Amino acid sequence: MTFDLLVRGGTAVLPTGPRPVDIAVAGGRIAAIEDPGVVRGDTAQRVADADGLLVLPGVIDVHTHTRIPSEEEPTRFFQDSVAAAFGGTTTFLSFNNPGTGISAEAQRTLRGGIDEWLARTAGESVIDYGLSAVITAQQDDPLGHLQHAIGRGVPTFKAFMVYEFGIDPARLAPMLGQVARAGGMLELHCEDRSSLDRGIAALVANGRTRPGDHAASRPTGVEADGTAQAVGWAVTENAPLYVVHLSCADALAPAAAAKKAGASVYVETCPHFLTQDASQYEASDEEAIRFVVSPPFRRVRDRDALWAGLADGTVDVVATDHVPDRLTVEKRYTGQPFTEISNGAPGIETLLTVVYSEGVATGRITLQRMSEILSATPARLFGMPDKGAIEIGRDADLVLFDPFARRTIRAEDLHHTSDYTPYEGMSVQGAVRAVLLRGEEVIRDGELVAGRGVGRYLERRLTAGT
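For clarity, every value in this text was computed on a predicted model and none was experimentally measured.

### Quick word on the pairing of strand β2 (residues 17-26)
Point 1. Alignment of strand β1 (residues 3-14) against β2, held across eight bridges, turns out to be antiparallel. Each residue of the ladder has a partner; that of Val-7, found in β2, is Ile-23.
Point 2. The hairpin formed by β1 and β2 contains two residues between the paired strands.
Point 3. Two elements, β2 and strand β3 (residues 29-34), share five bridges in a ladder whose sense is antiparallel.

### Let's talk about the side chain of Thr-353
Point 1. Looking at the secondary structure, you find Thr-353 in helix α12 (residues 351-360).
Point 2. Here the side chain of Thr-353 touches Arg-407 through a polar contact of 3.4 Å, side chain to side chain.
Point 3. Discounting residues that sit within four places of it in the chain, Thr-353 has contacts with Phe-401, Arg-407, Val-428, Gln-429 and Gly-430.

### Quick word on the sheet that holds strand β7 (residues 89-95)
Strands belonging to one sheet form pairs held by backbone hydrogen bonds; the direction of such a pair is parallel or antiparallel.
Point 1. Taken together, eight strands build an open sheet; the order of strands is β6-β7-β8-β9-β10-β11-β12-β13 and the sheet is parallel. Each edge of the open sheet is held by one strand with a lone partner, namely β6 (59-64) and β13 (317-318).
Point 2. Where strand β9 (residues 156-160) and strand β10 (residues 185-189) come together, five bridges link them in parallel fashion. Residue pairing in the sheet places Phe-157 in a bridge with Leu-186 of β10.
Point 3. Against the sheet, helix α4 (residues 169-181) engages β9, β10 and β11 (241-243), with an angle of about 150° to β10.

### Considering the packing of α4 against helix α7 (residues 220-237)
Point 1. Packing of α4 against α7 brings their axes to within 9 Å, and their N-to-C directions diverge by 45°. Viewed along their axes, α4 and α7 adopt a mutual orientation that is oblique. Taken as a pair, α4 and α7 cross one another with a handedness that is right-handed. Taking contact as the criterion, the partners of Pro-169, Leu-172, Ala-173, Pro-174, Leu-176, Gly-177 and Arg-181 in α4 are, on α7, Ala-230, Trp-233, Ala-234 and Glu-237.

### Remarks on unusual backbone geometry
Point 1. Omega for the bond connecting Ser-294 with Pro-295 falls within 30 degrees of zero, at 0°, which places this linkage in the cis form.
Point 2. When you line up the elements, Pro-295 lands in the loop between α10 (285-288) and α11 (300-312).
Point 3. Residue Tyr-163 is not a glycine yet carries a positive backbone phi of 75°.
Point 4. Position of Tyr-163 among the secondary structure elements: in the loop between β9 and α4.
Point 5. Positive phi, close to 55°, is recorded for Asp-321, a residue that is not glycine.
Point 6. By the element assignment, Asp-321 lies in the loop between β13 and α12.

Thresholds applied
- Residues numbered from 1 in each chain as written.
- Predicted model: local features only at pLDDT ≥ 70, side-chain atom pairs only at ≥ 80, totals over all residues.
- Heavy atoms only, no water.
- Pairing = 2+ DSSP bridges.
- Helix = DSSP H or I, 4+ residues; strand = E, 2+ residues; numbered from the N terminus.
- Polar contact = N/O pair within 3.5 Å; in protein donor to acceptor, adjacent residues only side chain to side chain.
- Contact = heavy atoms within 4.5 Å.
- Axes fitted to C-alpha atoms, helices over the stretch in contact; angles between N-to-C directions.
- Parallel < 35°, antiparallel > 145°, perpendicular 65-115°, else oblique.
- Left-handed = near helix turned anticlockwise from the far one by under 90°.

Take it as geometry only, folks, not as evidence of what the structure does.
Okay, here's the thing in structure tokens:
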């Protein structure tokens, strides 16, 4: 048999664990996985030398708020896809929530938001991509549009328990079941609205409105109460629930209890919660504003609890919650109170290196576990059976990764459309050397070698029970 590509000499992280193998690719898919030397080099049109490198399945980032193209800024979606590729991500999912560029007219309906997003992102990405559609309180009959969404390959939806577009709990509880029965899964931003609003009002009344006061407005109890409510709804409705960006031990507890009892509850955390802590809010206003994210950074013991949850399987996925805000634009500080500061921080390019450096290199998690939380589990939960693992028949989305390289993260070296990184100055171990999408190079030796539009929109379907 003749192959299009042979990746040889590396240690591949397979579902069964790391092993030195050669990987042959044909027609964009993995065609053979053999012991070193079994597949002759002359049977492949191209040979990629992975000597001394890890060969990882492409990372799947299921939580991003990438901006869609506009006349004023036509390249933002493309450029953030480029940044993702440089970081070893070969597939990403984005939300179309208010603030990402969706028009006011399209936001009125679930169907309109999906159709506009798909039209405006077509041909823009350098890696594969998909949509998780946001359901808001302002939409007309969103549940009536579920079948249209699923028909367009959008089976995952996100709703918020807070913010002006958040949905009332009386609607959210049955919505979990209705989405599940339609063949979908609901992702929830879990915070208790009433306690959050009370806390914010108390701080404002006392004049505590600086950027660093943001963290005090969202204590762990707000997130824990919201998570416990959402878990209860999922159990009552017998529906899957995906908890986004969980940040603390208090919120992890109800999710862990439900998982132990057999509920289909899945937990996501983010790299910033695994590496940062609340001391960042003690910095100057101009510095603290960089870290205004919701939920906020927590205590060191919360960070340790999340790593433990990743190791034992209680936490299922790490995703970025990438928000490409700029300090000169969306996050420009003019003395405004924290209630008026755009929430979120960039991270689409640093996911793999941060998790490897702080997780695998420190011994907190194994290589195989990292592969599960960054690739295999996202692929399984979000309906991407061709992605997520180095297995025969799957897409040849591969990352050649140097596990010993050391570098310091600097915003000036990154490719995202933000103008800063929350990891500025962080020393990390591990670096991406090459990225393959369906067997074709996207990144080679620190250079982009693929064109805009190479990435495909993924029409996804969930399997029963996810």
